[in-house]
Amino acid sequence: MGSLSTVGNTLQPLEYPLARRDESVVDNYHGVLVPDPYRWLEDPQAEEVKEFVTKQVELTKSVLKKCEERERLKEEITALYDHPRYSAPFKRGDKYFYFHNTGLQSQSVLYVQDDLEGEAKTLLDPNTFSDDGTVALNIYSISKDGKYIAYGLSESGSDWISIKVMSIEDKQVQPDHLLWVKASGISWTHDGKGFFYSRYPAPKEGGELDVGTETNINLNRSVFYHFLGTDQSDDILCWKDPENPKYGWNANVTDDGKYVLLYAYTGCDPSNKLYYCDLTSLSSGLEGFKNTNTLLPFIKFIDNFDASYHYIANDGTQFIFVTNKNASKNKLVRVDFSQPDSWEVVVREDEKNVLEEAYAVNNDKVLLCYLSDVKHVLQVRDLKTGDYLYDLPLDIGSISKISCRREDSEVFIHFTSFLTPGIIYKCSLESGSPQMKIFRETSVPGFDRTGFEAKQVFVPSKDGTKIPMFIVSKTNLELNKSHPTLLYGYGGFNISNNPSFNTVILALLKNLNVIYCVANIRGGGEYGKEWHKAGCFEKKQNVFDDFIACGEYLVKEGYTSPKKLCIEGGSNGGLLVAACVNQRPDLFGCVLASVGVMDMLRFHKFTVGHAWTSEFGCADNEEDFHSIYKYSPLHNVTRPWEKSGDFSSQYPPIMLLTADHDDRVVPLHSLKLLATMQYKLCASVENSPQTNPVIGRIDQKAGHGGGRPTKKVIENAADRYSFMAKVLGASWTEV
């Protein structure tokens, strides 16, 4: 496609900072020589890298200054954000807890109350932990008796967590302080003496470490038990597996407090091993393992990665799990630990719907949450027999949270959709015909849902597979190909893109007349295990084909045109849109790629990247290399004009977004792709046809996205969407 200057883009061709190319760096992958001239960008502490980042930040600032809608968009998003938001309440001991944000607070605050009508008191306010809101509450767990809360804090968006403990009654922070925790849960023993957690070894001494900026691979996660009031060095090492340093281990105490379950994961695949330890069989309790080198006597109940098993409830040795063993869409099963061959199906796999979650409630019932064509439905069954009892009525949308306990009859359900900011329902399952009563409802100022509509279509992909896609817009839309359109996708790691309300998207719908689309492509979890596997390893191209098909559908059906179509994705979705623009630069008018995995040949060498080999494969394996190399964004940047012979062809405007403390998908991915694109498309070509901008937004004191303070969320959105508005020629409408 040609330059977009004819549709409102008045951005002049940019002069890009020169980035050194080291042509001597060449890797040999199974006989294929692959240059890596920007390998030096992998060291975030190098002065040359810092200089590169500084110059790119300045370049991007100069472009954003020319995006006229930036300030208006920022003001509008801020105004829409400024409304009270609540989480579903949950009960621990005899108290209720919930999160609340008054509107523009950097982080939501945790409150506690004696009963639902009682006075709510602040328990934990993350906004007091830093002046700029960049310290966030990452994980938390409240003891069975409701006396203590263990909570993990992360700084500047890093995935590293430090765990602290507070007494709930007097709100006194205890001396406990646990470090080098990542991707861990916190699970209390029922005696309230301490909790299980997992962590990595502390890094070797040497120099001051800016936690979250390092790129070293994370290995040898182990499970520990921490006794309250003791030093971390005294924690009991419960399990380690030095023969499998890449395994992830997490421990979970059962609802009756008698057992601790140990889950092992290899990569991000949902399949897991399952071990258990009978805590009541320990003659001296956990105390007996202090100052010893003895691991807990776990029994290896399932010692392979054939399927996933997730605990729901148990009565003595009889356990109920959700599993995908011979059930792509999951089923509910029961097994007696004392009779390992006693498996029986409680609720069989549904023919169409995916069983996403199950909750034991009201002693003898189980609440099942199914995903049906990317919409949630709720069903209540008998926990013992699996017999169907009734559905809980829901509008078309998603359940973002279910809060309940087996010993209680009440359930809290947090519901949302594209046009529903949030409803928390309270429901009692004591009777045979429970009522879904509104407990709290979120209201957004200036939002009238009757002015908008959301619909679902099914788009045939390249191989004929029907791909669900949601389309959200103002009502009475005229299909004349003139509308700025934002197509969002993810397509990986068994994660479903379910309907949910987004304040930022509302601003785009209202004021920029944008059509917002979500493509539920393969690789996600929308239709279970097979849907996920159809987008993994050598089948990854299916994901890109699905997304491209959705873009083509929007053009064909008259919603938009290529010059008005922006694609966006983050993380695995960043990989998605970068790969798609390499393959079809003519189809899109703008690309927003956030924290994407761009170097598919080396991702496994940094922090937790090795875990993704269960999704993508690994370039160290010859078969995997050949499939990965074909789509790796870094290695497939092409000059469209050379392929087509049309010198008006070029890449659309592109913004790559990353952050300095992203220790999940480390910034080097975006930095290397940015340098490659700017060189290959622009700097290396005299009078290059590439006049559309290729820029990078590199945030500071931010990470992969989690825990980002409200102000940074708003600034990030205003920057990327004002850039989109500029290059798509989207005009502002006052409403």
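A quick note: this is a predicted structure, and the numbers were derived from the prediction, not measured. (Residues numbered from 1 in each chain as written. Predicted model: local features only at pLDDT ≥ 70, side-chain atom pairs only at ≥ 80, totals over all residues. Heavy atoms only, no water.)

1. Overview of the overall build of the protein
Scanning the protein from N- to C-terminus turns up 11 helices and 39 strands. Relative to a compact globule of 735 residues, whose C-alpha radius of gyration would be 27 Å, the protein shows 26 Å and is just as compact. For the protein, the spread of C-alpha atoms along the principal axes amounts to about 80 × 60 × 50 Å. For the protein, the residues scored as buried account for 59% of the 735 residues in total. Expressed as a percentage of contacts within the protein between residues at least 6 apart in sequence, the contacts between residues at least 24 apart total 60%. (Helix = DSSP H or I, 4+ residues; strand = E, 2+ residues; numbered from the N terminus. Rg over C-alpha atoms; globule rule 2.2 N^0.38 Å. Buried < 20%, exposed > 50% of the residue type's maximum accessible area, 1.4 Å probe, protein only. Contact = heavy atoms within 4.5 Å.)

2. Details of the pattern of salt bridges
Tallied over the entire structure, the rule returns 40 salt bridges. With its nearest N and O atoms 3.7 Å apart, the salt bridge here joins Lys50 to Glu47. Here Lys50 pairs with Glu47, and both are found in helix α1 (residues 47-64), just 3 residues apart, close to one helical turn. Relative accessible area serves as the criterion here: at 58%, Glu47 is assigned to the exposed category. Taking the shortest distance from any N to any O, the salt bridge between Arg720 and Glu568 comes out at 2.7 Å. Of this pair, Arg720 sits in helix α11 (residues 710-728) while Glu568 sits in strand β36 (residues 565-570); the two residues are 152 residues apart in sequence, bridging distant segments of the chain. A relative accessible area of 15% places Arg720 in the buried class. The structure contains a network of salt bridges with shared partners spanning Asp27, Asp36, Arg39, Glu42, Asp599, Arg602 and Lys672. (Salt bridge = Lys/Arg side-chain N within 4 Å of Asp/Glu carboxyl O.)

3. As for the packing of aromatic side chains
In the structure shown here, the tally under the stated rule is 47 aromatic pairs. Consider the rings of Phe493 and Phe616, whose centres lie 5.6 Å apart with planes at 90 degrees: the pair is edge-to-face. Remark: Phe616 occurs in helix α7 (residues 613-616) and Phe493 occurs in the loop between β34 (485-489) and α3 (503-511); sequence separation between them is 123 residues. Of the two residues, Phe493 and Phe616, neither departs from the other in class, the shared state being buried. An aromatic cluster is present here, built from Tyr259, Tyr276, Phe301, Tyr309, Tyr311, Phe319, Phe321, Phe337 and Trp343 joined pairwise through their rings. Directly above the ring of Phe227 sits Lys290, whose terminal nitrogen or CZ lies 4.2 Å from the centroid. Here the guanidinium or amino end of Arg440 rests over the ring plane of Tyr98, the centre of that ring lying 4.8 Å away. (Phe/Tyr/Trp six-rings, centres within 6.5 Å; stacked < 30°, edge-to-face > 60°. Lys NZ or Arg CZ within 6 Å of the ring centre and 35° of its normal.)

4. Notes on the packing of α3 against α11
One way to put it is that α3 packs onto α11 with a least axis distance of 11 Å and a crossing angle of 30 degrees. It follows from the interaxial angle that α3 and α11 lie roughly parallel. In this structure, the crossing between α3 and α11 has a hand that is right-handed. Residues Val504, Ile505 and Leu508 of α3 lie in contact with α11, whose contacting residues are Ala717, Tyr721 and Met724. Looking at the contact of α3 with α11 residue by residue, the classes come out as 6 nonpolar, no polar and no charged. (Axes fitted to C-alpha atoms, helices over the stretch in contact; angles between N-to-C directions. Parallel < 35°, antiparallel > 145°, perpendicular 65-115°, else oblique. Left-handed = near helix turned anticlockwise from the far one by under 90°. Nonpolar A, V, L, I, M, F, W, Y, C, P; charged D, E, K, R; others polar.)

5. Quick look at the state of the cysteines
Under the counting rule described, the total for this entry stands at 0 disulfides. Of all cysteine sulfurs, the one in Cys427 lies closest to Cys404, which takes part in no disulfide; the gap is 10 Å. Not part of a disulfide, Cys566 finds its nearest cysteine sulfur in Cys590, a span of 3.7 Å. Assessed through its relative accessible area of 0%, Cys566 is described here as buried. (Disulfide = S-S within 2.5 Å.)

6. Quick word on the sheet that holds strand β31 (residues 437-441)
Ordered by their spatial adjacency, 4 strands build an open sheet running β28-β29-β30-β31, and the pairing between neighbours is antiparallel. Two strands lie at the open edges of the sheet, namely β28 (398-403) and β31, each paired on one side alone. Shown here is a sheet whose adjacent strand axes are inclined to one another by a mean of 25 degrees, direction ignored. Bridge analysis of strand β30 (residues 420-428) against β31 gives 4 bridges, and the strand direction is antiparallel. For Lys426, the partnering residue across the bridge sits in β31 and is Lys437. (Pairing = 2+ DSSP bridges.)

7. Quick look at the pairing of strand β5 (residues 95-101)
With 7 of 7 residues buried, β5 is to be regarded as a mostly interior element. Here β5 shows two buried faces, one formed by Lys95, Phe97, Phe99 and Asn101 and the other by Tyr96, Tyr98 and His100. Alignment of strand β3 (residues 85-86) against β5, held across 2 bridges, turns out to be antiparallel. Across the sheet, Tyr86 pairs through a bridge with His100, a residue of β5. Across 3 bridges, the pairing between strand β4 (residues 90-92) and β5 is antiparallel. From the neighbouring strand, Lys91 faces β5, where its bridge partner is Tyr96. Where β4 hands over to β5, the hairpin turn is made up of 2 residues, of which Gly93 adopts a positive phi near 60 degrees. As paired elements, β5 and strand β6 (residues 109-113) share 5 bridges and run antiparallel to each other. Residue pairing for β6: His100 is matched across the bridge by Val109.

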